[in-house]
Amino acid sequence: MLFVRSPRVIFSLNGKRTRTNAHPMKRLLDVLREDCGLTGTKEGCGEGECGACTVLLNGAPVNSCLVPLVHAAGSRVTTIEALGGRHRLQRAFVEHGGAQCGICTPGMIMAAIALGPRPSIEGIRAGLAGNLCRCTGYSSIYRSIADASRRALVRPAQKHAAFERRARRAR
Amino acid sequence: MLGSISNRQATWFVHKFRRADLLRSADEETLMLGSISNRQLFQPRSLTDALSMLRDEGPLVPMAGCTDLYVALNFGTLDDTRFLNLWPLDSLRRIEMRGDVLSIGALATYTDMRRSPLVQKILPMLVAAAREIGGVQVQNRGTLGGNVANGSPAGDTLPVLAAADVVVVLRSAADMRRVPFSEYYTGYRRSVLGPGELIVAFEFRKLHGRQWFRKVGTRAAQAISKVVMAAVAGDPPRIAVGSVAPTVVRLPSTEAALGRGASIDEARQILLEEIAPIDDARSTAEYRQRVAANLLARFWNDSFITKSRRTRNL
């Protein structure tokens, strides 16, 4: 099979089945921004150094500036837009000043999403080693992520405590 | 308004304006996508398919994780227009034991190798190398075959492959051959890989002795190494260094000296005669020589002296 004219590439974008006629060698980054209109994913360096263009491909963080569209065919692509602006990581970045100029932030958050529950500070550093930030000095970013993961664990426990209190009062 | 911005910004605005003008006056598609619309992509369904495409339609540029290829494409430093997409060939991704040989498929990513219990057990130095390449994003995409095919003298897995005396398995439509890693590279970014051939796997024999890996670069992640060393504390020891010559090198004289019980100072002197690094954007020859000699001492210390001390303490 030879792609001379652009064939249709189908992939799942933030849970939605998406088709595009873009060239199969077009960068996934450009397809997301230009063809799908999702401009949350940023281009920093264009050579895999800065991580600003990080998206999840089948759940794993990748630099979308180094992914040809054809490698996303039949895969799940998740971008910052999937979080809808109210995700606990996004709120934590706002609260702790984890974002300043904001170019690196979507990439930072997508890399953080892939860290799994309750990452250690070393785990956060290693998981975000491929994401560069020129404003914050990183500490506030790590703090945001650590706090968001703490909250994710604390919240159900608090909910449970509140439920028990109400139950006790009702009795 | 123009008076308030610096010279550099002003140039940028002019540049942008001119580019916008060009877009309006010329065919937008050819300018914007320029080379991309000329690109042909061959999409094989199997390895056999890929090899016959390479034979009948070549030359084609093989495409794996694209962490090197797309850097060149994004910066317009690659003129090739015809590509062969290897990424979907899952059969090249296997990591398995074949008898007493560990076989790692060319498409195994750094993440695959880090996570593989087989690689962790048999080749801990390869896990160490994979952990220090790029960031997570690059490790999820970059492949062992790609690191070898790209052939940079600074490739981080290459000293590991050299120290382990890996066998590179090459396939073409008609043939299959096994090349010892020491014979694979013939010069700076040159190898014995023929035009119709693909790297399909790497075969490792079990190694005796503790394995050691150390990369020295500007930063732990992302940075390209200034000096990278992999070594096995066997009898005799095996030592390979990257970024100090046009290709990765083994140090046979240093190995032999250490093997016959020479002192570490003597071995350091021999190492300095064996390598001839150059000055480049990342480092200087002098620095590289000193660091390589220090790494040798560190390797020897980590492998034997600390071990015997530990035994004494027990």
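Let us now look at the overall build of chain A. The helix and strand tally for chain A stands at five helices and six strands. Its helices and strands in sequence order give chain A the pattern β-β-β-α-β-β-β-α-α-α-α, from N to C terminus. By the burial criterion, 43% of the 171 residues in chain A qualify as buried. In chain A, 57% of the contacts between residues at least 6 apart in sequence involve partners at least 24 apart.

Bringing the nonpolar core into the picture now. In this structure, Met229(B) and Ala292(B) are the most contacted members of the largest nonpolar core, which totals 130 residues. Dropping the residues within four chain positions of it, Met229(B) is found in contact with Pro159(B), Arg214(B), Ile239(B), Val241(B), Ala292(B), Leu295(B) and Phe299(B).

Let us now look at the interface of chain A and chain B. If you look at the interface, chain A gives 29 residues, while chain B gives 26 residues. Mapped by element, the contributors of at least two residues to the side of chain A that touches chain B are strand E1 (2-3) and strand E5 (60-63) of chain A. Looking at which element gives the most residues to the side of chain A that touches chain B, the answer is E5(A), with four residues. Residue classes in the side of chain A that touches chain B are distributed as 16 nonpolar, ten polar and three charged.

Time to look at the pairing of strand E13 (residues 238-242) of chain B. Residue and element names in this part refer to chain B. With respect to burial, E13 is a largely interior element, five of its five residues being buried. Of the two faces of E13, the one holding Arg 238, Ala 240 and Gly 242 and the one holding Ile 239 and Val 241 are both buried throughout. Between the end of strand E12 (residues 227-233) and the start of E13, which pair antiparallel, lie four residues. Pairing between E13 and strand E14 (residues 249-250): two bridges, direction antiparallel. The residue bridging Val 241 from the neighbouring strand is Val 249, located in E14. Where E13 hands over to E14, the hairpin turn is made up of six residues, of which Ser 243 adopts a positive phi near 70°.

Another point: the domain arrangement of chain A. Residues and elements named next belong to chain A. Split into domains, chain A comes out as domain 1 (1-82) and domain 2 (84-171). At the junction of the two partners, domain 1 supplies 16 residues and domain 2 supplies twelve residues. If you list the elements that add at least two residues to the side of domain 1 that touches domain 2, you get strand E4 (54-57) and E5. When residues in the side of domain 1 that touches domain 2 are grouped by element, the largest group, three residues, is from E4. Considering only residue class, the side of domain 1 that touches domain 2 consists of eight nonpolar, six polar and two charged.

We now examine the packing of helix H2 (residues 88-95) of chain A against helix H3 (residues 105-113) of chain A. Geometry of a packed helix pair, given as the angle between the helix axes and the separation of the axes. Residues and elements named next belong to chain A. Put simply, H2 and H3 touch, their axes get as near as 10 Å, and they point 130° apart. Considered as vectors, H2 and H3 are oriented oblique to each other. For the pair H2 and H3, the crossing hand works out as right-handed. Contact residues: Leu 89, Gln 90 and Phe 93 in H2; Thr 105, Ile 109, Ala 112 and Ile 113 in H3. For the contact of H2 with H3, a count of residues per class yields five nonpolar, two polar and no charged.

All names here are of chain B. Inspection of the secondary structure puts Leu 51 in helix H3 (residues 47-57). Taking C-alpha positions, Leu 51 is 4.9 Å from Ala 173, a pair spaced 122 residues apart along the chain. In this structure Leu 51 touches Arg 171, Ser 172, Ala 173 and Leu 198, once residues within four positions along its chain are discounted.

This brings us to the domain arrangement of chain B. Residue and element names in this part refer to chain B. Each domain of chain B was delimited in the assignment, giving domain 1 (91-205) and domain 2 (211-307). Computed over C-alpha atoms only, the centres of domain 1 and domain 2 are separated by 21 Å. Opposite the 20 residues of domain 1 that make contact, domain 2 presents 25 residues. Those elements that provide at least two residues to the side of domain 1 that touches domain 2 are helix H7 (124-131), helix H10 (158-163) and strand E8 (185-187). In terms of residue count, the dominant contributor to the side of domain 1 that touches domain 2 is H10 (five residues). By residue class, the composition of the side of domain 1 that touches domain 2 is 13 nonpolar, five polar and two charged.

Moving on, we get to the confidence of the model for chain B. Residue and element names in this part refer to chain B. With 86% of its residues at a pLDDT of 70 or more, chain B shows a mean pLDDT of 86. The model gives residues 1-34 a pLDDT under 50, and that stretch makes nine contacts with residues more than four places away or in other chains. Note on the complex model: pTM 0.86, ipTM 0.88.

Residues and elements named next belong to chain B. As a packed pair, helix H12 (residues 252-259) and helix H13 (residues 264-274) sit with axes 8 Å apart at the nearest point and diverge in direction by 165°. The angle between H12 and H13 falls in the class roughly antiparallel. Considering the relative orientation of H12 and H13, their crossing is right-handed. In contact with Ser 253, Thr 254, Ala 257 and Leu 258 of H12, H13 contributes Glu 266, Ala 267, Ile 270, Leu 271 and Glu 274. When its residues are assigned to classes, the contact of H12 with H13 shows five nonpolar, two polar and two charged.

Attention now moves to unusual backbone geometry. Cis geometry marks the peptide bond from Gly58(B) to Pro59(B); its omega dihedral reads 0°. Inspection of the secondary structure assignment puts Pro59(B) in the loop between H3 and strand E2 (61-63). A positive phi is found at Asn14(A), a non-glycine position, where the angle reads about 50°. You can call Asn14(A) partly exposed: it has 19 C-beta atoms within 10 Å. At Tyr138(A), a position not held by glycine, the phi torsion is positive, near 75°.

In this section: the sheet that holds strand E5 (residues 101-105) of chain B. Sheets are built from strands that pair by backbone hydrogen bonding, the pairs being arranged parallel or antiparallel. Residue and element names in this part refer to chain B. The five strands lie next to each other as E4-E5-E10-E6-E7, forming an open sheet whose pairing is antiparallel. Looking at strand neighbours, the two that pair on one side only are strand E4 (95-98) and strand E7 (176-180), the edges of this open sheet. Strand-to-strand twist across the sheet, computed as the mean angle between neighbouring axes with direction ignored, equals 25°. Inspection of the sheet shows E4 paired to E5 by four bridges, in the antiparallel sense.

What counts and what doesn't
- Residues numbered from 1 in each chain as written.
- Chains lettered and ligands numbered in written order.
- Predicted model: local features only at pLDDT ≥ 70, side-chain atom pairs only at ≥ 80, totals over all residues.
- Helix = DSSP H or I, 4+ residues; strand = E, 2+ residues; numbered from the N terminus.
- Buried ≥ 20, exposed ≤ 12 C-beta atoms within 10 Å, placed from the backbone.
- Contact = placed C-beta atoms within 7 Å.
- Core = buried A, V, L, I, M, F, W, Y, C linked by C-beta atoms within 7 Å.
- Nonpolar A, V, L, I, M, F, W, Y, C, P; charged D, E, K, R; others polar.
- Pairing = 2+ DSSP bridges.
- Domains from an automatic or database assignment.
- Axes fitted to C-alpha atoms, helices over the stretch in contact; angles between N-to-C directions.
- Parallel < 35°, antiparallel > 145°, perpendicular 65-115°, else oblique.
- Left-handed = near helix turned anticlockwise from the far one by under 90°.
- pLDDT = per-residue confidence, 0-100.

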